[in-house]
Amino acid sequence: MSMVGLRRVVEPVGVLPQAAWRLDASPEIGPDETRIRVQRLNLDAASYRQLAEKHAHNGDAIRAEVLDIVETRGKMHNPVTGSGGMLIGVVEEVGPESPLPVKPGDRVATLVSLTLTPLRITDGLAGWDGLSEQVPAEGTAILFGRSIVGVLPDDLPPELALAVYDVCGAPALTDRVVRGYPGEPTVAVLGGAGKSGSLTLAAARRAGARTIAVVVNERERDTLLAAGLADRVAIADARDPVAVAEAVGEPADVTVVCVDVPGCEHGAILATANGGTVIFFSMATSFPAAALGAEGLAADVTMLIGNGYVPGHAEFAVDLLRQVPAVRALFEARIAAD
């Protein structure tokens, strides 16, 4: 069990690193560990939104809280949202018993959450203005034997690769679910104009689905219509169940929640046909609200937690980016805006 990082748990003893309140982030590695020299963090969208709203988009205050979380907890684990993000960096040292397929000098992205990754920041995040999800940083991070890591592709800028890897579980899981339905299923994506949403739309269409995107305003609608990623785009507040159901129309076979705000569970359930599937791919999801809401609506739907990992998910997402120029354009525009 050493390969799951138990030696790094400071408190409470006996839990796994993700559930721990505090980790030991010291840079000295154990036999099965790998040390990464950190270059950039990508904060989870729900976590960054919560921090930005809490501090009224004051970059200095956001930066100070991120530093405090990392120093206090030994990892980037937002205590309000329970989410973290991921990072890119360069492999510095690999323990002799590590099974990870990397070597010193490799530039990599960690494909596991920052909520379980021992992290130490050494530059005070001096290069970050606090106003974007991507965070230039210096420090060290530790990967365990059962961590997941990917060597960055040579044909993508690292910022672009990081943005794709951050959400690569969503399109891969959507592909798996859609291919289990006969004919041409309908897939509704709440938050279709975002990173995970746009990749999910592309994955659903490639798997043979008819796609509906639900977005929050006309700007996002026009962006998606120009990109041509959805067969239909509707505007609705994902927190308004009736508005979401009306926007989707005929209930979807599969509904994917890619919205980084709380309160979207009931709309997704109401918009899904009996016998259908709801995939909650948002760390803002309340799973008690989803379960009790489905019960209260007498909704016979399968509800899946998008856990961020499907075998081959990173390669799948990067392949989508390469093959669907509209998706790449959306990602590049988002990075430029940040």
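In what follows, the structure referred to is the one given above.
Model, not experiment: these values are computed from the prediction.

As a further point, take the overall build of the protein chain. The number of helices and strands found in the protein chain is 11 helices and 14 strands. Computed over its C-alpha atoms, the radius of gyration of the protein chain comes to 20 Å, within 12% of the 20 Å expected for a compact globule of 338 residues. Judged by the C-alpha coordinates and their principal axes, the protein chain covers about 55 × 40 × 40 Å. The buried share among the 338 residues of the protein chain stands at 56%. For the protein chain, the share of sequence-separated contacts (at least 6 apart) that also reach a separation of at least 24 residues comes to 68%. Looking at the protein chain as shown, the accessible area adds up to about 13,900 Å², and 52% of this sits on carbon and sulfur atoms.

Counting buried positions along strand S3 (residues 34-43) yields eight of 10 residues, so the element is predominantly enclosed. When S3 meets strand S4 (residues 85-94), the two strands line up antiparallel, connected through nine bridges. Opposite arginine 40, over in S4, you have isoleucine 88 as the bridge partner. Direction of pairing for S3 relative to strand S7 (residues 134-143): antiparallel, over a ladder of eight bridges.

Sheet strands pair via backbone hydrogen bonds, and the direction of the pair is either parallel or antiparallel. Spatially, the six strands line up as an open sheet ordered S6-S7-S3-S4-S5-S8, and their pairing is antiparallel. Both outer strands of the open sheet, strand S6 (119-121) and strand S8 (149-151), are each paired with one neighbouring strand and no more. The average angle at which neighbouring strand axes cross in this sheet is 35°, direction not considered.

This part is about a nonpolar patch on the surface. A contiguous nonpolar surface patch, about 240 Å² in accessible area, is contributed by Val242, Leu270 and Leu297. For leucine 297, the location among the structural elements is in the loop between helix H9 (287-296) and strand S14 (302-305). Given the relative accessible area of 39%, leucine 297 is considered partly exposed.

Turning our attention to the packing of aromatic side chains. Taken as a whole and assessed by the stated rule, the structure comprises zero aromatic pairs. Here the guanidinium or amino end of arginine 206 rests over the ring plane of phenylalanine 316, the centre of that ring lying 5.1 Å away.

What follows concerns the pairing of S7. Of all the 10 residues making up S7, eight are buried; the element is thus mostly covered by neighbouring parts of the structure. Both S6 and S7 contribute to a ladder of three bridges, which runs antiparallel. If you follow arginine 120 over to S7, its bridge partner there is threonine 140.

What follows is about the packing of helix H1 (residues 45-54) against helix H2 (residues 59-73). Any two packed helices are characterised by the angle at which their axes cross and by the distance between the axes. Two elements in contact, H1 and H2, have axes separated by 9 Å at closest approach and are oriented at 125°. Regarding the angle of H1 to H2, the classification is oblique. For the crossing formed where H1 meets H2, the hand is right-handed. Where H1 abuts H2, its residues Tyr48, Leu51, Ala52 and Lys54 lie against Ile62, Glu65 and Val66. Considering only residue class, the contact of H1 with H2 consists of five nonpolar, no polar and two charged.

With a side-chain oxygen positioned 3.3 Å from the backbone nitrogen of arginine 219, the residue opening helix H6 (residues 218-227) is asparagine 217. Phi turns positive one or two residues past the end of H6, at glycine 228, with a value near 70°.

It is worth spelling out the sheet that holds S14 at this point. Read from one edge of the open sheet, six strands run S11-S10-S9-S12-S13-S14, paired in parallel fashion. Every interior strand has two partners, whereas the edge strands, strand S11 (232-235) and S14, have only one. Between one strand axis and the next, the sheet turns by 20° as a mean value, whatever way the strands run. Here strand S13 (residues 272-280) runs beside S14; their pairing, made up of four bridges, is parallel. By the bridge assignment for S14, isoleucine 279 is matched with leucine 304. Here helix H7 (residues 241-248) sits on the sheet in contact with strand S9 (186-190), strand S10 (210-215), S11 and strand S12 (252-257), set at roughly 155° to S11.

For the peptide bond that leads from glutamate 11 to proline 12, omega is -15°, which places it in the cis range. Positionally, proline 12 belongs in the loop between strand S1 (9-11) and strand S2 (22-23). The backbone phi angle of histidine 57 is positive, close to 60°, even though this residue is not glycine. Within the secondary structure layout, histidine 57 lies in the loop between H1 and H2. Histidine 57 sits in the exposed class, given a relative accessible area of 54%. Even without glycine at this site, leucine 125 takes up a positive phi of about 55°. Its place among the elements puts leucine 125 in the loop between S6 and S7.

Thresholds, definitions, all that
- All chains use their own residue numbering, which begins from 1 and follows the written sequence.
- Under the rules for a predicted model, residues below a pLDDT of 70 receive no local features and side-chain atom pairs below 80 are neither given nor counted, while totals for whole chains, interfaces and linings still include all residues.
- Values reported for side chains reflect all heavy atoms of the structure, with hydrogen atoms and water molecules removed beforehand.
- Under the scheme used here, helices are H or I runs from DSSP no shorter than 4 residues and strands are E runs no shorter than 2 residues, and both carry numbers assigned from the N terminus.
- When we talk radius of gyration, it's over C-alpha atoms, and the globule rule is simply 2.2 Å times the number of residues to the 0.38.
- We call a residue buried when its accessible area falls under 20% of the maximum for its residue type, exposed when it is over 50%, and partly exposed in between, using a 1.4 Å probe and counting protein chains only.
- Every residue pair with non-hydrogen atoms within 4.5 Å of one another is taken to be in contact.
- Computed with a 1.4 Å probe, the accessible areas rest on the Shrake-Rupley method; for each residue, only the protein chains presented here act as cover.
- By this definition, two strands are paired if DSSP reports at least two bridges between them.
- Inter-axis angles, ranging from 0 to 180 degrees, are taken between N-to-C directions of lines fitted to C-alpha atoms, where helices are fitted over the stretch in contact.
- Only residues above 30% relative accessible area that lack a salt bridge enter a patch, with like-charged residues linked at up to 9 Å and the nonpolar side chains Val, Leu, Ile, Met, Phe, Trp and Tyr linked at up to 5 Å.
- By definition here, a salt bridge exists when the distance from a side-chain nitrogen of Lys or Arg to a carboxyl oxygen of Asp or Glu is within 4 Å.
- Pairs were defined over the aromatic rings of Phe, Tyr and Trp, the Trp ring being its six-membered one, requiring ring centres within 6.5 Å. Orientation was assigned from the angle between planes: stacked under 30 degrees, edge-to-face over 60, tilted for the rest.
- Here, over-ring charges are defined by two tests on the NZ atom of lysine or the CZ atom of arginine: distance to the ring centre within 6 Å, and angle to the ring normal within 35 degrees.
- We call two directions roughly parallel when the angle between them is under 35 degrees, roughly antiparallel when it is over 145, roughly perpendicular when it lies between 65 and 115, and oblique otherwise.
- Crossing handedness: left-handed means the near helix sits turned counterclockwise from the far one by under a right angle, and right-handed means the same turn made clockwise.
- Under this grouping Gly is polar, as are all residues other than the nonpolar Ala, Val, Leu, Ile, Met, Phe, Trp, Tyr, Cys and Pro and the charged Asp, Glu, Lys and Arg.
- Pairing of N or O atoms within 3.5 Å defines a polar contact, subject to two protein rules: one partner must be a possible hydrogen donor and the other a possible acceptor, and residues neighboring in sequence count only if both atoms are side-chain atoms.

Read these as geometric descriptors, not functional statements.
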